[in-house]
Amino acid sequence: MAPIELTYFPVRGRGNAMKLIMYDQGVEWTDKVVTIEEWMKGDLKKTCLFGQLPKLKDGDLVLYQSNAILRHLARKHGLYGKDGKEAALIDMMNDSIEDLRVKYLRMIYQEYETGKEKYIKELPGHLCYFEAILAKCPSGFLVGDKISFADYNLYDFLVVQKILCCKCLDNFPSLKGYVDKIGSRPKVKAFMESDSCTKLPVNGNGKQ
Ligand SMILES: N[C@@H](CCC(=O)N[C@@H](CSC(=S)NCCc1ccccc1)C(=O)NCC(=O)O)C(=O)O
């Protein structure tokens, strides 16, 4: 049994960025997939610290909260910048990515029929900030000169936005180049093309 166990639903959702990190960094893990039907029985939910998934078990460490899991993997695999200053900037970037993800998830799960078009219309107003940031990054990564956990998270988010609206990056050359750059990393490409990724719906309600 691999020392790392990821318990999550059979969706990309909040689980894909952490899987990208582990796969790209050569970390072995076991997926414990929980169906909605199983979850609705309530027994597993009662055991979860905050009543939710994903859950990552790394040896005797049990973590919930997807961004805490990303940070844990980042600390273990050198994905948190070269010093405290870069780590702080990476945290800032990831917090902003989380803001965008929450907006997306609210539209997908609560306002899809009535809010999808408005979300797509307003999306450039949110993406423009990362376009400006990446336009100034000589390394092509959000912070410093190597990939961080925020890069995997932003990449995953942008790929999902392109599934929602294939043209959403057409006016953002830096974001387009960024998705190509991260997506052309051999193991990232392999994972994104694998059944582990492609066979999962993006979201739990079948909307994307
Ligand atoms: N801040 C937390 C949020 C975790 C979270 O929302 N988890 C969801 C799943 S992740 C997600 S994108 N949820 C969207 C809706 C959904 C629910 C159930 C299955 C799939 C998607 C969950 O466990 N829902 C079940 C429940 O609350 O009883 C984090 O970042 O991990």
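Thresholds, definitions, all that
What you see as residue numbers is a count from 1 along each chain, following the sequence as written. Residue-level local features of this predicted model are given only where pLDDT is at least 70; pairs of side-chain atoms are given and counted only at 80 or more, and the full residue set underlies all totals for whole chains, interfaces and linings. Calculated side-chain values reflect all of the structure's heavy atoms, with hydrogen atoms and water omitted. Any carboxyl oxygen of Asp or Glu that lies within 4 Å of a side-chain nitrogen of Lys or Arg is treated as forming a salt bridge with it. Each residue's exposure class comes from its accessible area (1.4 Å probe, protein chains only) as a fraction of the maximum for that residue type: buried when under 20%, exposed when over 50%, partly exposed otherwise. Each helix is a run of H or I in the DSSP string that is no shorter than four residues. Each strand is a run of E no shorter than two, and both are numbered from the N terminus. For every residue, the predictor states its confidence as a pLDDT score lying anywhere from 0 to 100.

So, about the pattern of salt bridges. In total, this model carries 13 salt bridges according to the counting rule given. Between E38 and K41 there is a salt bridge, and its shortest N-O distance comes to 2.9 Å. Residue classification places E38 among the partly exposed residues on the basis of a relative accessible area of 42%. Between K207 and E113 there is a salt bridge; the shortest N-O distance is 3.0 Å. Placement of the pair is K207 in the segment after α10 (195-198) and E113 in helix α6 (residues 112-135), with a sequence separation of 94 residues. For K207, a relative accessible area of 28% gives the class partly exposed. Note on E113: relative accessible area 62%, which makes it exposed. The network of salt bridges with shared partners includes R71, D91 and D95.

The next subject is the confidence of the model for the protein chain. Scored by pLDDT, the protein chain comes out at a mean of 97, with 100% of its residues at no less than 70. For this predicted complex, the interface score ipTM comes out at 0.96, while the overall pTM is 0.97.

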